[in-house]
Amino acid sequence: MQRSESMPPWLEAPWRRLQERRTGDRMPHALLLAGPGGVGKALFARELAEALLCTAPRSDGRACGACRACRLIDAGSHPDLFRLEPIEGRAIPIEGVRALREVLALRSQYGGWRIAWIAAAERMTSAAANALLKTLEEPGPQSLLLLVSDRPDLLPATVRSRCQRLVLPIPPRAQALGWLAGREEVTEAERWLTLAGGAPFAALERIRSGAVDPRPELVQDLAAIAAGRADPLVAAERCAARGAADSLRWISSCVMDMIRLRCCRQPVALRNPDLREPLQRLAAGCPPERLFHYLDRLNAGGREAQSSINDQLLLEDVLIAWHELAAGDCGARGGIRR
Ligand SMILES: [Zn+2]
């Protein structure tokens, strides 16, 4: 990760709070950085590790970027910083935690902090999490266990209760848009931020990776399913390929727009203003109470998607429910024919 010029504005307040604790000699020994994906937890963790190891930190507590410790971190070879992450994106095995414990059992090589950073900590196997408990209780002097997680609820309560929690939430939209707008490569910040559920780093990643906006195709699928021209199971496969949680969030935003279009007489601000026309056609025959009911189903699906059941089955269920809703009224009235 590149050393950043300035801290994103929504991270400044949590950073200051932590710095106050540091200067007051009240740094926790186990910190759980929690919050949705794409808000900057990894950046924050890196800044914190650098700041604690830097031998000449700046007045705001951030690392200088030039001392020997900072150069070693940049080279990925600071002996007092140990980073653990899931193997091939899957799980953190017990062997990783054992290696971490060995590092923390040694004396600090540079006489300062020793930091163990566990990325995606919720991916620890239960054996790994158990092995970590003793270290969480007695981490040793000037040691910091830095757990980072999008899904802290999946961590064992025994691990959570031994960490101080710092939550980095989705930032205010205006702040996130301002930050995105300040970047050369960013166009259509509104659209990408919406697609990323308000998470600025997730939006930036989509832009940088040249991602395609999936919503037009998604709305086409919804229209075709409603008209009986598409198989919900095939559409579910496409949705699963885009990620179940994201797909459900996007469908929800479309259904919310349909409700707005049905319920508001005045021109109304939509979450997907660029899709107003197809959504208007789609909404035309769907009674709002059915749309509300369907929204409940989508919200439940969103919760299920987070606990890693079968994504394909979940999406099939949701899209079959959409077909049934539409077959009731919308299809019969022909409001969504193309
Ligand atoms: Zn430094």
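Residues numbered from 1 in each chain as written. Predicted model: local features only at pLDDT ≥ 70, side-chain atom pairs only at ≥ 80, totals over all residues. Heavy atoms only, no water.

**Some remarks on the packing of aromatic side chains**
Describing an aromatic ring pair means giving the distance of the ring centres and the angle of the ring planes.
Alright, step 1. As enumerated under the stated definition, the model contains 5 aromatic pairs in all.
Alright, step 2. Their ring planes at 80° and their centres at 5.6 Å tell us that Trp15 and Phe44 sit as a pair that is edge-to-face. With Trp15 in helix 1 (residues 9–23) and Phe44 in helix 2 (residues 41–53), this residue pair connects regions lying 29 residues apart in the sequence.
Alright, step 3. With relative accessibility at 0%, the residue Phe44 sits in the buried group.
Alright, step 4. With a centroid separation of 4.8 Å and 50° between ring planes, the pair formed by Trp179 and Phe201 is classed as tilted. Taken together, the positions of Trp179 in helix 7 (residues 173–181) and Phe201 in helix 9 (residues 200–208) put the pair 22 residues apart, joining distant regions of the chain.
Alright, step 5. Given the relative accessible area of 24%, Phe201 is considered partly exposed.
Alright, step 6. An aromatic cluster is built from Trp10, Trp179 and Phe201, whose rings are joined through pairwise contacts.
Alright, step 7. It is Arg83 that lies over the ring of Trp117; its NZ or CZ is 4.5 Å from the centre. (Phe/Tyr/Trp six-rings, centres within 6.5 Å; stacked < 30°, edge-to-face > 60°. Helix = DSSP H or I, 4+ residues; strand = E, 2+ residues; numbered from the N terminus. Buried < 20%, exposed > 50% of the residue type's maximum accessible area, 1.4 Å probe, protein only. Lys NZ or Arg CZ within 6 Å of the ring centre and 35° of its normal.)

**Focus on unusual backbone geometry**
Alright, step 1. Even without being a glycine, Ala120 presents a positive backbone phi close to 50°.
Alright, step 2. Counting through the fold element by element, Ala120 comes out in the loop between strand 3 (114–118) and helix 5 (126–137).
Alright, step 3. Despite not being glycine, Glu188 shows a phi value in the positive range, around 55°.
Alright, step 4. Here Glu188 lies in the loop between helix 7 and helix 8 (189–195).
Alright, step 5. Taking relative accessible area as the criterion, Glu188 reaches 46% and is therefore assigned partly exposed.

**Digging into the sheet that holds strand 4 (residues 143–149)**
Alright, step 1. Strand order in the open sheet made by the 5 strands is 2-3-4-1-5, with parallel pairing throughout. Looking at which strands have only one partner, the edges of the open sheet turn out to be strand 2 (81–84) and strand 5 (164–167). Direction aside, neighbouring strands of the sheet carry axes that sit 20° apart on average.
Alright, step 2. This element, helix 4 (residues 94–105), spans strand 2, strand 3 and strand 4 of the sheet and lies at about 170° to strand 2. (Pairing = 2+ DSSP bridges. Axes fitted to C-alpha atoms, helices over the stretch in contact; angles between N-to-C directions. Contact = heavy atoms within 4.5 Å.)

**Structural notes on the pairing of strand 4**
Alright, step 1. Taking burial as the measure, the 7 residues of strand 4 include 7 buried ones, the bulk of the element.
Alright, step 2. The two faces of strand 4 match: Ser143, Leu145, Leu147 and Ser149 on one face and Leu144, Leu146 and Val148 on the other face are all buried.
Alright, step 3. Both strand 1 (residues 30–34) and strand 4 contribute to a ladder of 5 bridges, which runs parallel. Pairing of Leu31 across the sheet is with Leu146, part of strand 4.
Alright, step 4. The pairing of strand 3 with strand 4 spans 5 bridges and is parallel. Bridging from a neighbouring strand, Arg114 pairs with Ser143 of strand 4.
Alright, step 5. Between the parallel pair strand 3 and strand 4, the chain is carried across by helix 5, and the sense of this crossover is right-handed. (Right-handed = clockwise from strand over helix to strand, strands pointing away.)

**Side note on the pattern of salt bridges**
Alright, step 1. Counted under the stated rule, the structure contains 22 salt bridges.
Alright, step 2. Glu88 is the partner of Arg90 in a salt bridge, and the nearest nitrogen-oxygen pair spans 3.2 Å. For the pair formed by Arg90 and Glu88, the shared burial category is exposed.
Alright, step 3. Residue Arg297 is joined to Asp317 by a salt bridge in which the shortest nitrogen-to-oxygen separation is 2.3 Å. Of this pair, Arg297 sits in helix 14 (residues 288–306) while Asp317 is found in helix 15 (residues 311–328), placing the two residues 20 residues apart along the sequence.
Alright, step 4. Residues joined in a network through salt bridges with shared partners are Glu188, Arg191, Asp213, Arg215 and Asp274. (Salt bridge = Lys/Arg side-chain N within 4 Å of Asp/Glu carboxyl O.)

**Looking at the nonpolar core**
Alright, step 1. Of all hydrophobic cores here, the largest spans 79 residues; its most connected members are Leu48, Leu144, Val255, Tyr294 and Trp322.
Alright, step 2. Looking at this core element by element, the count peaks at 9 residues for helix 12 (residues 244–263).
Alright, step 3. Discounting residues that sit within four places of it in the chain, Leu144 has contacts with Met27, Pro28, His29, Ala30, Leu31, Leu48, Leu52, Trp113, Arg114, Ile115 and Ala116.
Alright, step 4. Grouped together as the second largest cluster of nonpolar side chains are 24 residues, Ala30, Ala34, Val97 and Leu100 included. (Core = buried A, V, L, I, M, F, W, Y, C linked by side-chain atoms within 4.5 Å.)

**Remarks on the confidence of the model for the protein chain**
Close inspection of predicted coordinates is inappropriate in any region flagged by low pLDDT.
Alright, step 1. Confidence in the prediction for the protein chain averages 89 pLDDT; 94% of positions are at 70 or higher.
Alright, step 2. Here residues 329–338 is a poorly scored stretch, pLDDT under 50, and it has 27 contacts once near neighbours within four places are set aside; other chains count. (pLDDT = per-residue confidence, 0-100.)

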